[in-house]
Amino acid sequence: MGSRFNPYDNNGGTCVAIAGVDYCVVAADTRMSTGYSILTRDYSKICQLADKSVLASSGFQADVKALQKNLSAKHLIYQHQHNKQMSCPAMAQLLSNTLYYKRFFPYYAFNVLGGLDSEGKGCVFTYDAVGSYERVGYSTQGTGSTLIIPVLDNQLKSPSPLLLPAKDAVTPLSEGEAVDLVKDVFASATERDIYTGDQVEIVIINASGIKREYVQLRRD
Amino acid sequence: MFRNQYDTDVTTWSPAGRLFQVEYAMEAVKQGSAAVGLRSRTHVVLATVNKAASDLSSHQRKVFKIDDHVGVAIAGLTADGRVLSRYLRNECINHSFVYEAPLPVGRLVVRLADKAQVCTQRSWKRPYGVGLLVAGLDELGAHLYYNCPSGNYFEYQAFAIGSRSQAAKTYLERRFEAFDKYSAEELIKDALFAIKETLQGEKLTSSICTVAIVGIGEPFHIISEQAVQEMVDALETREEATAEQSGGDMQDESGNPDAAAPMEEI
Amino acid sequence: MAHDEDVAGSERTLYPYVTGTSVIGIKYKDGILMAADTGGSYGSTLRYKSVERMKVIGKHSLLGASGEISDFQEILRYLDELILYDNMWDDGNSLGPKEIHNYLNRVMYNRRNKFNPLWNSLVLGGVKNGNKYLGVVTMLGAHYEDNHVATGFGNHLAVPILRSEWKEGMSFEEAVKLLEKCLLVLLYRDRSSINKFQIAKITEEGATIYPAYSLKTFWGFSAFQNPGQFAEGTW
């Protein structure tokens, strides 16, 4: 009593995306928790927004879902108006604007957007909750991100951000190697992060389309 | 000189109980190039005639996708048709946002009809000058509706609107009883024949018609021009074959298209 | 934020008054089973003993609620209107459990966005066209589906039992037995729980909410006999 109503919760979860020359891997675990309780072991955090853009988001599930539905509806309108699918970089800008629109009552959502750009190159965009974003070669967001980011940095060092002109930040790995790396980092994050586990859903986007893969993780 | 005193605004009745402005709006539908629709138990096909305003211009779009489960074909003022299509799209998006389920076609059509009706009862408005054939699929099956500027709507097995649509209607009336069991391909075939009826002897090519389909396992989409041309070609070869068989005595009647008998059974 | 000031003059739920405790829902062979007690607590006082916390919604759904009872009754009024308008179309279409679940989610999430939440966790179960559906919506608008769900204390005490004993395609008798096992654990450990339970079922044929009944308890364990015996200073 007396404490103010808190409109937020953190339902946990970890997202990873890696861009290659001609592919992009987007992954997230399927656990949904609140506090120390697991609400469900099979909740997908990954949302396909367009042919070549896939969004993985963790944070507060109600906000995440509202955000995903909002973007899907906007994309439907875009398709009606332009008769084509939105490109991944365009979707990235739309996501940024959508997040910033709620700057003073933000979506508690941590997003990584992965896909292919108009040249067919892999791209990853990483966000904060209020919409600042950056195109990178790889990224991770969510409760396990602090455990995963140093591993990705170590394995996939990207060119220094200080370089001018900026260098393309795609990773040198092959598609198969990237998928294996994703499986490893999720298995590792699951060891220490209580909000990550159960299953990892891996989405692979390349010129031939979209593939989905699931790998079991620790359930404790 | 005679002048109609009762047609200067929509809200004025004639002593005979008619609303002339509304009837004029319905005339606008008849001026537009034709659109036909027909449905089986599982599919609905829409087809339109595309008339360019001049040889130098392209034609206007007459078929609009509303959602995965609904599409419309229009005849009349295309500008009004576009506005109404946007309204329908919005209704569908809003419904899926709240319920994560597609809006039932019948309910969409009622909302559209109510919107049209309002324009027949406000002095500062004008009725929409467009007729819409609404094709859709919901959990009760495939549906085809006709929405009229008056705010009336009807469900059909098959229907045609726009200029010279009477010829297409005559054709459809003779065949509609079999439509329920038709496959998608058979529906398209009859749609093309019905369209051909409205052309008054002009040659049917894919460049002057648009065909779209929606059905179970098949989200609403416009069939590519190339695919339509292939079907038109297939129809023509078959038609020539039947014409030769019947001794060519049907060709003589081509001067009177409205009374022309429909195509021979394939 | 603008919402900080003058809370006194405005009307919104800052904390719940009369609350219901856990609801449990599971899928079984023919549909969905749900269980809850009929208690309504005023803080820690067991104030009401016959509150129905499960209701039939339309033709295909069943709704169970824990949390603020008055907010639940308000939700029922929303749903009554929704179903009424749905029926008034009289066109053969009807809202299924998935649609209702989504609608409820919109209601809950919109109210939390206005800082005026409906203080409930809702369990929605239903069957339509052979598809079983079981989902939860929380007061903040978070939602999910599962084969077995529970709200409140049930999340801590019933879910572990359900996780180890729930199976696909359980018979009605097996499923009721499992629910009763969960209810009994809750009765022993959740102080707001009372020994007056209802079970509700929904199948393709329709919904039934069974009359309230009691479970047989056993308080004879020595640890229950004189709990203060070895703890000096307690009573």
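Preceding block: the structure.
I will try to describe carefully the structure that is included in this document. Predicted model, so just to flag it, every value in this text is computed and none were measured.

1. What about the nonpolar core?
Argument step 1. One finds L113(A), L63(C), I75(C), L79(C), I100(C), L104(C) and L122(C) to be the most contacted residues of the largest nonpolar core, which totals 69 residues.
Argument step 2. Setting aside anything within four residues of it in sequence, one finds L79(C) in contact with I57(C), L63(C), I100(C), Y103(C) and L104(C).
Argument step 3. Judged by nonpolar contacts, the second largest core, of 31 residues, contains V45(B), I195(B), V211(B) and L235(B).

2. A short note on the pairing of strand β12 (residues 197–203) of chain C
All names here are of chain C.
Argument step 1. Most of β12 sits inside the fold, with 7 of its 7 residues counted as buried.
Argument step 2. Side chains F197, I199, K201 and T203 project from β12 onto one buried face, and the interleaved Q198, A200 and I202 project onto a second face that is buried too.
Argument step 3. As judged from the 7 bridges shared by strand β3 (residues 31–37) and β12, these two strands associate in the antiparallel manner. In the sheet register, A35 faces β12, and the bridge partner there is I199.
Argument step 4. Of the pairings in the sheet, the one linking β12 to strand β13 (residues 206–209) comprises 4 bridges and is antiparallel in character. When the bridges of β13 are listed, K201 appears paired with T208.

3. A closer look at the packing of helix α1 (residues 69–89) of chain C against helix α2 (residues 97–113) of chain C
Residue and element names in this part refer to chain C.
Argument step 1. For the pair α1 and α2, the least separation of the axes is 12 Å and the interaxial angle reads 135 degrees. Classified by the interaxial angle, the pair formed by α1 and α2 is oblique. Note that α1 runs across α2; the crossing there is right-handed. Between α1 and α2, the residues in contact are E74, I75, Y78, L79, L82 and I83 and I100, Y103, L104, V107, M108 and R111, respectively.
Argument step 2. Here the residues of the contact of α1 with α2 are counted per class, giving 10 nonpolar, no polar and 2 charged.

4. Some details on the sheet that holds strand β10 (residues 218–222) of chain B
Residues and elements named next belong to chain B.
Argument step 1. Pairing is antiparallel in the open sheet, where 5 strands are placed in the order β8-β1-β2-β9-β10. On the outer flanks of this sheet lie β8 (158–161) and β10, each paired with one strand and no other. Along the sheet, successive strands turn relative to each other by an average axial angle of 10 degrees, direction set aside.
Argument step 2. Pairing analysis gives 3 bridges linking strand β9 (residues 209–215) to β10, with the strands arranged antiparallel. Residue pairing in the sheet places G215 in a bridge with E218 of β10.
Argument step 3. Most of the contacts of helix α4 (residues 165–175) go to β8, to which it runs at about 170 degrees, and overall it touches β1 (35–39) and β8.
Argument step 4. Together, β1, β2 (43–49) and β9 form the strand contacts of helix α5 (residues 184–198), whose direction differs from that of β2 by roughly 25 degrees.

Calculation notes
- Residues numbered from 1 in each chain as written.
- Chains lettered and ligands numbered in written order.
- Predicted model: local features only at pLDDT ≥ 70, side-chain atom pairs only at ≥ 80, totals over all residues.
- Heavy atoms only, no water.
- Core = buried A, V, L, I, M, F, W, Y, C linked by side-chain atoms within 4.5 Å.
- Buried < 20%, exposed > 50% of the residue type's maximum accessible area, 1.4 Å probe, protein only.
- Contact = heavy atoms within 4.5 Å.
- Helix = DSSP H or I, 4+ residues; strand = E, 2+ residues; numbered from the N terminus.
- Pairing = 2+ DSSP bridges.
- Axes fitted to C-alpha atoms, helices over the stretch in contact; angles between N-to-C directions.
- Parallel < 35°, antiparallel > 145°, perpendicular 65-115°, else oblique.
- Left-handed = near helix turned anticlockwise from the far one by under 90°.
- Nonpolar A, V, L, I, M, F, W, Y, C, P; charged D, E, K, R; others polar.

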